[in-house]
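Structure assessment
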Amino acid sequence: MSLYPFQTRVKELIQRGASVILQAPTGAGKTRAALAPFIENFFDFPTAPLPRKCLYVVPMRVLANQFVEEYKGYADSYKRIHRRELKVSIQTGEQPLDRRFENDLTFCTVDQFLSSYLTMPYSLPHRLANLNAGALIGTFLIFDEFHLLDPTTTLPTVLHALKEFRGLAPMLLMTATFSREMLDALANELGAQVEHVSQDEWRTIQTRDDKTPRERTWRVEEAELSAEQVIASHQTRSIAICNTVRRAQNLFRDLKRAQREGKLDAELLLLHSRFLQTDRQTREKELKEWFGKDAARAGSKILVATQAIEVGVDITSEVLHTELAPASSMIQRAGRCARYAGETGTVRVYPVSDYAPYGKEKDDPGDEAPWVAEMRAALEWLRAHDGEILDFHAEQELINAVAAPRDKLILQALSANRHTHAEHIQRVWVNDRQASDGRLLIRDADSRLVLIHPNPDELLRNPLGATGFSVPTRTLYGMVKDWTSRATDADWRVKLLLEDKAIEKSDEVRSEYGWKTLHDASLLWTTRALVVNPELASYLNDEGFVSEQGGGEFQSAIPEKAAAQTWDDISYKLESYEQHIRLVLQAFVELALPELEYPARALEQKANWEKGSVVRAAWLCCLLHDVGKLSEGWQRWVRAYQKEIGSPVDKNYAAAHTDWNSKNPAHRDADKRVRKHSPKPPHATQSVFATDKMLVQAFGVEKELLIRAMWTAIARHHAPFTQECEAFTLEAQAAEHLRATFDFVPSEMRKNLELKILKYKLTSKQDVMLVRPDEPDGWLAYWLLVRALRRADQRGTEMGSR
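Residues numbered from 1 in each chain as written. Predicted model: local features only at pLDDT ≥ 70, side-chain atom pairs only at ≥ 80, totals over all residues. Heavy atoms only, no water.

On to the overall build of the protein. Helix and strand counts for the protein stand at 25 helices and 28 strands. Relative to a compact globule of 802 residues, whose C-alpha radius of gyration would be 28 Å, the protein shows 28 Å and is just as compact. Taken along its principal axes, the extent of the C-alpha atoms in the protein is 85 × 65 × 55 Å. With 802 residues in all, the protein has 60% of them scored as buried. Counting contacts in the protein only where the partners sit at least 6 residues apart, residues at least 24 apart contribute 76% of the total. Roughly 32300 Å² of accessible area belongs to the protein as shown, and the carbon and sulfur atoms make up 47% of that amount. (Helix = DSSP H or I, 4+ residues; strand = E, 2+ residues; numbered from the N terminus. Rg over C-alpha atoms; globule rule 2.2 N^0.38 Å. Buried < 20%, exposed > 50% of the residue type's maximum accessible area, 1.4 Å probe, protein only. Contact = heavy atoms within 4.5 Å. Areas by Shrake-Rupley, 256 points an atom, 1.4 Å probe, with all protein chains shown as cover.)

In structure tokens, the structure reads:
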């Protein structure tokens, strides 16, 4: 099917390297407009100077679930036609299938994007904190339903990221419901072009194939949403959307009661964010079968849901009931009613006494949160238009009438707080202990993993990989207060997860966990997960996670795939230094270099650096990253350990890895005995000091920023925030081992790299001269280099362990 005119305009702008903000009605085809330029370039113009990766960022995971299935299907058909594979994946808390952002097209939630940008990825252990940020550079970034981002935290952090990446790749922001003032301000901020769908163009789209335009009549009710009102107006397909999971569960229970009492003859379905993945997928499948475009219309169906279906979900209904919400949210919800051309439907809006999760009602309207003030104004506007049919442009009149004042306040706050917000982000990047509340920069998307288990220690092998429920932190505060005060005979109530971050100062790869009893809900921000006693909370198949009642049979467990991602399964084989470097460089060429080439070129142009300099820097990082292992202390530890396990090595043998199998008791015991007398020395920062003059000689002092980015990448290729180097002495034959690796690198890449200035000794502890976050070009180069190095190092290590 050919593209609509607005989709073609967007495609051509993106392919020219421009950034775009697209405003289009729900159901108009924004997703196709967004991905058409990327997919066309991927298959038809593979050598075009455009990004080879795309991140499609959504505010809700139900959207990611829907899109990934749709585009995996497209990818299969593309593969048959083009004989080339487009790797499509998803990265959400529920489906963490692309934890390292390694695929061509990944659909992810905004919290996954921002946590990676802030070098605290929710999908990875702390030791890999700096791995994902580099994947965002030079990537085609698409932000769908941009208007749903929290204006005080999420929105300014996303804008900071987009401005940081400006000029490196085109980006696309999409919305149906921003005010004109907000659209123009964002376009100016990001150097983007605004594209609209005109009224005539939208009518043409709706009336294609001789269809009539859809029609939605809006009604305002006087009482709050109840089961009785849903039943009274039900025809064959009704949807009721509540603002909180708790209210949705209560409405569902009331409808079930009416069903049992014979007052309702309809099938019921509840959908929200706190179902197990398998149950949620079953419900999403039923959702399409009941309410999708091609769904059979037999029978009578009622869906009760939350904001989880507010945006993008391709379903329709005759009647849509919605609790009062911000105008943009209500318009999005209305997009699930009479969605398709030729349909008619009714949207019923209900007042609320509790404005959660958008804010609280205040005695003084001037003190209310902007969302609450907008909700009040929207209710009055809708009352004045009660019974009217509102098309897309009438809905825009609603947005401009009630959201413009709030948008003006948001824009003022963004401007006033820009420097403070940027400083907070930079403190998080350097792991400043005073800024350890970095998750507050993602507050609206911020959540915690909640587990249910009678014996939490059974989950310590990989607690973050256990089956559980992602709950917004602001909601979790109330739950924790209830759990810690409710009467119970349980031995314990709630525990928070502790992560051992002492590895910041070492080169170890293990993460260690523990539990601590939680008495104070304010400590939630210090953890990524907590566990609740099953006497206090439970899981019901038809209702999902229920915080107010316990006694269920469900227990969190570690799936087989998650269990395989732990320290316990790490194994190595004795490997020489030369062999390891050869395999790392081979992995760099096969795995890291293809991803690096486009963003490296883009950064070189932006920073006005010599062409090819970033790729050359990556080659040399891979070549020199383990020189610190040629120290007397590191090799002495290797020889002691190998002797302890009965496989000694010659004193002239330089090892990069020892024999190690975590499931072998002899290896574990030997490791403990050797460490007791001779702790394993670090090597990453030692590699920096040993080769610092070599890199200056190779690049020239005028490339200081790029050189410090290389030092930072090498220093932090194991521990993401290390900065100190302990004293060391290289072995006498270090240069000989290093020289043997030079031929693994193309000659043009090691030009001016001289072994005679290898530094053999550091007599006292010193800090590495790192690149700083307030040096944006150098900081981005560090992200690119450390990602390339860590991916190549891991793959090379795996190859050497086979």
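So, on to the pairing of strand S2 (residues 54–58). Among the five residues that make up S2, five are buried, leaving the element largely enclosed by the rest of the structure. Of the strand pairs in this sheet, S2 and strand S4 (residues 105–109) are connected by five bridges, and their pairing is parallel. Among the inter-strand pairings, Cys54 is bridged to a residue of S4, identified as Leu105. (Pairing = 2+ DSSP bridges.)

Attention now goes to the packing of helix H18 (residues 577–607) against helix H19 (residues 613–624). At their nearest, the axes of H18 and H19 sit 8 Å apart, and the two run at 160° to each other. Relative to H19, the element H18 lies roughly antiparallel. As H18 runs across H19, the sense of the crossing is right-handed. Counted together, Tyr577, Ile581, Val584, Leu585, Phe588, Val589, Leu593, Leu596, Ala600 and Glu604 of H18 and Ser613, Val614, Val615, Ala618, Trp619, Cys622 and Leu623 of H19 form the full contact between these two elements. The residue makeup of the contact of H18 with H19, split by class, is 15 nonpolar, one polar and one charged. (Axes fitted to C-alpha atoms, helices over the stretch in contact; angles between N-to-C directions. Parallel < 35°, antiparallel > 145°, perpendicular 65-115°, else oblique. Left-handed = near helix turned anticlockwise from the far one by under 90°. Nonpolar A, V, L, I, M, F, W, Y, C, P; charged D, E, K, R; others polar.)

Taken together, six strands build an open sheet; the order of strands is S8-S13-S12-S9-S11-S10 and the sheet is parallel. With one partner strand each, in any of the chains shown, strand S8 (215–220) and strand S10 (267–271) form the two edges of the open sheet. Taking each pair of neighbouring strands and ignoring which way they run, the sheet shows an average axis angle of 15°. Across five bridges, S10 lies against strand S11 (residues 301–305) in parallel orientation. Looking at the pairing, Leu271 lines up with Ala305 of S11. Helix H11 (residues 327–334) contacts S8, strand S9 (237–241), strand S12 (319–323) and strand S13 (344–350) of the sheet and is inclined by roughly 160° relative to S12.

For the rest of this paragraph, the subject is the sheet that holds S2. Taken in spatial order, the seven strands of this open sheet run S3-S4-S2-S5-S6-S1-S7, and their pairing is parallel. Single-partner strands in this sheet number two, and they are strand S3 (88–91) and strand S7 (193–196). Averaged over all neighbouring strand pairs, the angle between strand axes comes to 20°, with direction disregarded. Here strand S1 (residues 20–23) pairs with strand S6 (residues 171–175) via four bridges, running parallel.

With that settled, the discussion passes to the nonpolar core. Ranked by size, the top nonpolar core spans 117 residues in total, and within it Phe113, Phe143, Phe146, Phe165, Phe588, Trp783 and Leu785 carry the most contacts. Looking at this core element by element, the count peaks at 15 residues for H18. In terms of nonpolar packing, the next biggest core, distinct from the first, is built from 84 residues, Leu35, Tyr78, Ile239 and Leu269 among them. (Core = buried A, V, L, I, M, F, W, Y, C linked by side-chain atoms within 4.5 Å.)

The side-chain alternation of strand S5 (residues 140–143) yields two buried faces, one formed by Phe140 and Ile142 and the other by Leu141 and Phe143. Here four bridges tie S2 to S5, and the two strands are oriented parallel to one another. In the strand pairing of S5, Cys54 is matched with Phe140. Across three bridges, the pairing between S5 and S6 is parallel. Looking at S6, one finds that Phe143 is bridged to Leu173.

With that settled, consider the side chain of Arg406. Inspection of the secondary structure assignment puts Arg406 in helix H14 (residues 404–416). Looking at Arg406, its side chain comes within polar contact range of the side chain of Asp407, at 2.8 Å. (Polar contact = N/O pair within 3.5 Å; in protein donor to acceptor, adjacent residues only side chain to side chain.)

To continue, consider the confidence of the model for the protein. Any residue range with low pLDDT should be treated as having predicted coordinates unsuitable for detailed reading. Averaged over all residues, the pLDDT of the protein is 90; the fraction at 70 or higher stands at 95%. Scored below 50 in pLDDT, residues 563–568 makes 16 contacts in the model with residues more than four places away or belonging to other chains. (pLDDT = per-residue confidence, 0-100.)

A few words on the packing of aromatic side chains. Applying the stated criterion across every chain, the model contains 27 aromatic pairs. Centroid distance Tyr117 to Trp429: 5.4 Å. Interplanar angle 80°. Geometry classified as edge-to-face. Pair noted here: Tyr117 is in helix H4 (residues 110–117) and Trp429 is in helix H15 (residues 418–429), with a separation of 312 residues, a long-range link. Trp429 matches Tyr117 in its accessibility class, with the two residues each being buried. Relative to Trp779, the ring of Trp429 lies with its centre 5.9 Å away and its plane at 35°, an arrangement referred to as tilted. With a gap of 350 residues between them, Trp429 in helix H15 and Trp779 in helix H25 (residues 776–800) connect regions that are remote in the sequence. Trp429 gets classed as buried once you look at its relative accessible area, which sits at 2%. On the accessibility criterion, Trp779 (1% relative accessible area) is buried. Of note, Arg84 hangs over the ring of Phe42, and the distance from its end group to the ring centre comes to 4.0 Å. Between the NZ or CZ atom of Arg616 and the centre of the ring of Phe699, over which it lies, the distance is 4.6 Å. (Phe/Tyr/Trp six-rings, centres within 6.5 Å; stacked < 30°, edge-to-face > 60°. Lys NZ or Arg CZ within 6 Å of the ring centre and 35° of its normal.)

Glancing now at helix H1 (residues 5–15). Every buried residue belonging to H1 is among Phe6, Gln7, Val10, Lys11, Leu13 and Ile14, and all of these are buried. For H1, the buried positions fall inside an angular range of 165° around the axis, keeping them on one side. Where the residues of H1 are buried, they touch S1, helix H2 (30–44), S5, S6, S7 and helix H7 (199–206). (Arc of directions from axis to C-beta.)

Within the secondary structure, His385 is located in the loop between helix H12 (370–384) and helix H13 (392–402). Residue classification places His385 among the partly exposed residues on the basis of a relative accessible area of 21%. Note: C-alpha distance between His385 and Val220 (165 residues apart in sequence) is 9.0 Å.

Once that is clear, we can look at the pattern of salt bridges. Taken as a whole and assessed by the stated rule, the structure comprises 43 salt bridges. Note that Arg348 and Glu221 form a salt bridge whose closest N and O atoms lie 2.7 Å from each other. You can see Arg348 sitting in strand S13 and its partner Glu221 sitting in the loop between S8 and helix H8 (227–233), a full 127 residues away along the chain. Measuring nitrogen to oxygen at the nearest pair gives 3.1 Å for the salt bridge that ties Lys606 to Asp777. (Salt bridge = Lys/Arg side-chain N within 4 Å of Asp/Glu carboxyl O.)

Secondary-structure assignment places Ile90 in strand S3. Once residues within four sequence positions are removed from consideration, Ile90 is found in contact with Ala64, Asn65, Val68, Gln95, Pro96, Leu97, Asp98, Thr106 and Phe107.

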